[in-house]
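Take a look at the letters that make up each chain.
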Amino acid sequence: MSNKKSAIVDNDQRLAALEVDQSICVTAPAGSGKTELLIQRFLKLLANVEQPEHILAVTFTRKAAAEMRERIVKALHLGAQPNAPEEAHKKLTWELARATLATDKAKHWQLLQNPTRLRLQTIDSLCQSIAGDQPVLSQLGSRLSPVDNAAALYEQAVNEFLTELEDNSSTSEVISRVLLHLDNNVLRLKNLLMTMLPLRDQWLGHAAQYREDEDTRDALETTLRQWIEQELQELFNALTPVASELAICADIAAQQLQQTPSDKAMIVIGKLLGITQLPEALHDYHEQWLGLLQLLCTKEGSLRKRLDKHQGFPAKSSTKDKQLSAEYDARKQRTMSLIRQIAEIPEAVASLKLVTSLPIRGYEQRHWDILEPLTQCLVRACAHLRLVFGRAGECDYNEITSSALRALSADDLDSLSDTSFKWDQSLQHILVDEFQDTSVSQFKLIKALTSEWQQSNLNNPESPRTLFIVGDGMQSIYGFRAAKVGLFLTAREQGVGDLPLRSVELIQNFRSTPAVVEWNNRHFSKAFPQATDISRGAVPYYPSIGLATADNTDPPADFSKPLVIACVEESSRQCESEQVVFAISRMQENNPQAEVAILVRYRSHLREILPALDDAKIAWQGVDIDPLKIREVVIDCFSLTRAFIN
């Protein structure tokens, strides 16, 4: 932020986030200054604790943890200055830092000389620390090194598990039953198991406890029925604008199929005969919903591009009666017009595709027949994975988190384990950044660490223990590591365990100009879901407000028409690089201090651009963009080194 006069529209919310006697969930969209807010709260907490180690800040990357430590230390140095900065947010940071330095001096912490006392960790290193306290209880044994890509370990575990197929044991019989279900496709079974192992924290407990009995079956059927009815209700709501017309067309299709009763479609679409309105969103009406899906959609869930006799709309040539032929064609055109109308309703298109993929009929006997051997295979494969981890001395991040959870658990549910007691005594405040990217097991870890805090706050209100989480559901990017954005939505609405959280929402954007913010609001509001759905992790778009300043130079442009500098053929990468250099050079002539970002879809698209920038003496900076190992001089050095040592 510069020295311009500005009005921060969510200033009250930001001050509320600094109330260190409350646990808070902050929704912070891009550019809202959440890192500065985290640092300010950390500083305010430092001024109110006995030891700096009583505060733990958790991030998701080592880089983020290092940057946060650097910014806190920088803020402390700012607080050591006698004069306050003019900018409002820097002035607040300066005031908080001075209060921290006063506490630091009174309690002889010497944070500026020893910043390592500030506890800032990645969630993975936190899990390693917890699991390392109780190597036996955590079942981790000697310390294992987590790897970013554990695919080779998963494959080795699955291969070892499949060797049991050759044994004359109960496991061999179980694998055979699963293979029979998969048409004896061993490769497919291997790939399915490798896909499941990274997500074992989400299903292992259920698979290990599965029992083939009536209670278990009832529970699973109830869950599936509730899920199906929830999605049917979404589809019902999306189709409401065309409900009457859809019922008429469905009845017409069923009537015409009566004339060809041998057609297989008659069995499904024929259930729509006499329909006058959409069926209720209940599992009891699943046959009518299946009929609607077959009428409107292909097997892949896409809306039909054409209709034929299989949907109840024969061609004109199917009858010599001209009047009947014209009537057939009119009915078909009417239904096709309706399908095109549905295609203009994004919610209906998305909902139809999802419902088409669901087992609307519910569980069938063949599903129950395979469920028990499948759960046994999964549990057995996990056991082999544990052995592979032990031999390799490596594991995935899931195993580290699971081990930490085991260390925090106690056999007696009414008491704490030794590890849990130790961490409960050493922590008073926890701050978690990017909470929208937490996985199920990581969420359980935070829940376990704070399980006693609500009761502690009731017993000792003068020394509150707080959890502060920051996130933005619109920015969830770690789905490949089993992150569940629904967990952030749950924490915001229901708290974490027994610990309630006050919801604070930021809307001010400091990063972009009002023109860019307004353009994003207009267009991205249509790309996101319209309503929050925790079970599916659906997050609507929350508009931001650009920072209006006295000398704002944004032109009153039409935000829907971005400026196009140059267009080149995709195959002409050399021409593209020349145009990029020309555009940057022109910008730098007008404003030498301006920063320019180059965005490409793939790293390979920079192959011609980077040399062109170097030739034009344009300095650039990027992360993991131009590896040293591919530069000719480095390759030559490697070659010479190999020659010398041979």
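Owing to the predicted nature of the structure, the values given are computational and were not obtained by experimental measurement.

## Description of the pairing of strand β6 (residues 429–432)
In summary, the side chains of a regular strand alternate between the two faces of the sheet.
Then, in step 1: Residues His 429 and Leu 431 point to one face of β6 and Ile 430 and Val 432 to the other, with burial holding for every one of them.
Then, in step 2: As paired elements, strand β2 (residues 55–59) and β6 share four bridges and run parallel to each other. The residue bridging Val 58 from the neighbouring strand is Val 432, located in β6.
Then, in step 3: With four bridges connecting them, β6 and strand β7 (residues 466–471) associate as parallel partners. Directly across from Val 432, in β7, lies its bridge partner Ile 469.

## Things to note about the pattern of salt bridges
Then, in step 1: Inspection of every chain in the model, using the stated rule, returns 22 salt bridges.
Then, in step 2: Of the charged contacts, one joins Glu 287 and Lys 271 as a salt bridge, the two residues approaching to 3.8 Å between their closest N and O atoms. In this pair, Glu 287 sits in helix α13 (residues 286–296) while Lys 271 sits in the loop between α12 (265–269) and α13, placing the two residues 16 residues apart along the sequence.
Then, in step 3: Judged by relative accessible area, which is 40%, Lys 271 ranks as partly exposed.
Then, in step 4: Salt bridges here are not isolated pairs; linked through shared partners, they connect Arg 200, Arg 386, Asp 396, Glu 399 and Arg 406.

## Notes on the sheet that holds strand β3 (residues 119–122)
Paired through backbone hydrogen bonds, the strands of a sheet run either parallel or antiparallel to each other.
Then, in step 1: Strand order in this open sheet of six strands is β3-β2-β6-β7-β1-β8, and the pairing throughout is parallel. Two strands lie at the open edges of the sheet, namely β3 and β8 (502–505), each paired on one side alone. Looking at each pair of strands side by side, their axes are set apart by 15° on average, direction ignored.
Then, in step 2: For strand β1 (residues 24–27) and β8, the ladder comprises four bridges, and the chain directions are parallel. Each bridged residue has a counterpart across the sheet, and for Cys 25 the counterpart in β8 is Ser 503.
Then, in step 3: Each of β2 and β3 touches helix α5 (residues 123–133); the most contacted strand, β3, lies at about 100° to it.

## Structural notes on a negative patch on the surface
Then, in step 1: Among the surface-exposed residues, Glu 212, Asp 213, Glu 214, Asp 215, Asp 218 and Asp 369 lie close enough to one another that they form a single negatively charged patch.
Then, in step 2: Top element by residues in the negative patch is helix α10 (residues 214–239). It accounts for three residues.
Then, in step 3: Along the chain, Asp 213 falls in the loop between α9 (200–209) and α10.

## Concerning the environment of Asn 11
Then, in step 1: Residue placement: Asn 11 occurs in helix α1 (residues 11–16).
Then, in step 2: Relative accessible area serves as the criterion here: at 34%, Asn 11 is assigned to the partly exposed category.

## Regarding helix α7 (residues 170–181)
Count 3.6 residues to each turn of an α-helix, and residues three or four apart come out pointing the same way.
Then, in step 1: When the terminal C-alpha atoms of α7 are compared, their 17 Å separation across twelve residues agrees well with the 16 Å that a helix rising 1.5 Å per residue should span.
Then, in step 2: Elements in contact with the buried residues of α7: α6 (151–162), α8 (186–196) and α16 (365–392).
Then, in step 3: A positive backbone phi angle near 55° is found at Asp 183, which sits one or two residues after α7.

## Some points on the nonpolar core
Then, in step 1: In terms of nonpolar packing, the biggest core is built from 65 residues, with Ile 130, Leu 445 and Leu 467 touching the most fellow members.
Then, in step 2: With eight residues, α16 is the single largest residue contributor to this core.
Then, in step 3: Non-local contacts of Leu 445, meaning those with residues more than four positions away in its chain, are made with Ile 123, Leu 126, Cys 127, Ile 130, Ala 404, Leu 405 and Leu 408.
Then, in step 4: Counting 42 residues, the second largest nonpolar core, distinct from the first, contains Val 268, Leu 303, Ala 348 and Ile 360.

## Here we look at the confidence of the model for the protein chain
Then, in step 1: Here the protein chain averages 85 in pLDDT, and 90% of its residues register 70 or above.
Then, in step 2: Overall, residues 1–5 carries pLDDT values under 50, and its contacts beyond four positions in sequence, including any with other chains, amount to 13 contacts.
Then, in step 3: pLDDT under 50 marks residues 550–562. Its contacts with residues more than four places away, or in other chains, come to 14 contacts.

Rules and cut-offs
Residues numbered from 1 in each chain as written. Predicted model: local features only at pLDDT ≥ 70, side-chain atom pairs only at ≥ 80, totals over all residues. Heavy atoms only, no water. Buried < 20%, exposed > 50% of the residue type's maximum accessible area, 1.4 Å probe, protein only. Helix = DSSP H or I, 4+ residues; strand = E, 2+ residues; numbered from the N terminus. Pairing = 2+ DSSP bridges. Salt bridge = Lys/Arg side-chain N within 4 Å of Asp/Glu carboxyl O. Axes fitted to C-alpha atoms, helices over the stretch in contact; angles between N-to-C directions. Contact = heavy atoms within 4.5 Å. Patch = residues over 30% accessible without salt bridge, like charges linked within 9 Å, V, L, I, M, F, W, Y side chains within 5 Å. Areas by Shrake-Rupley, 256 points an atom, 1.4 Å probe, with all protein chains shown as cover. Lys, Arg positive; Asp, Glu negative; His and termini not counted. Charge placed at Lys NZ, Arg CZ, Asp CG, Glu CD. Expected span 1.5 Å × (residues − 1). Core = buried A, V, L, I, M, F, W, Y, C linked by side-chain atoms within 4.5 Å. pLDDT = per-residue confidence, 0-100.

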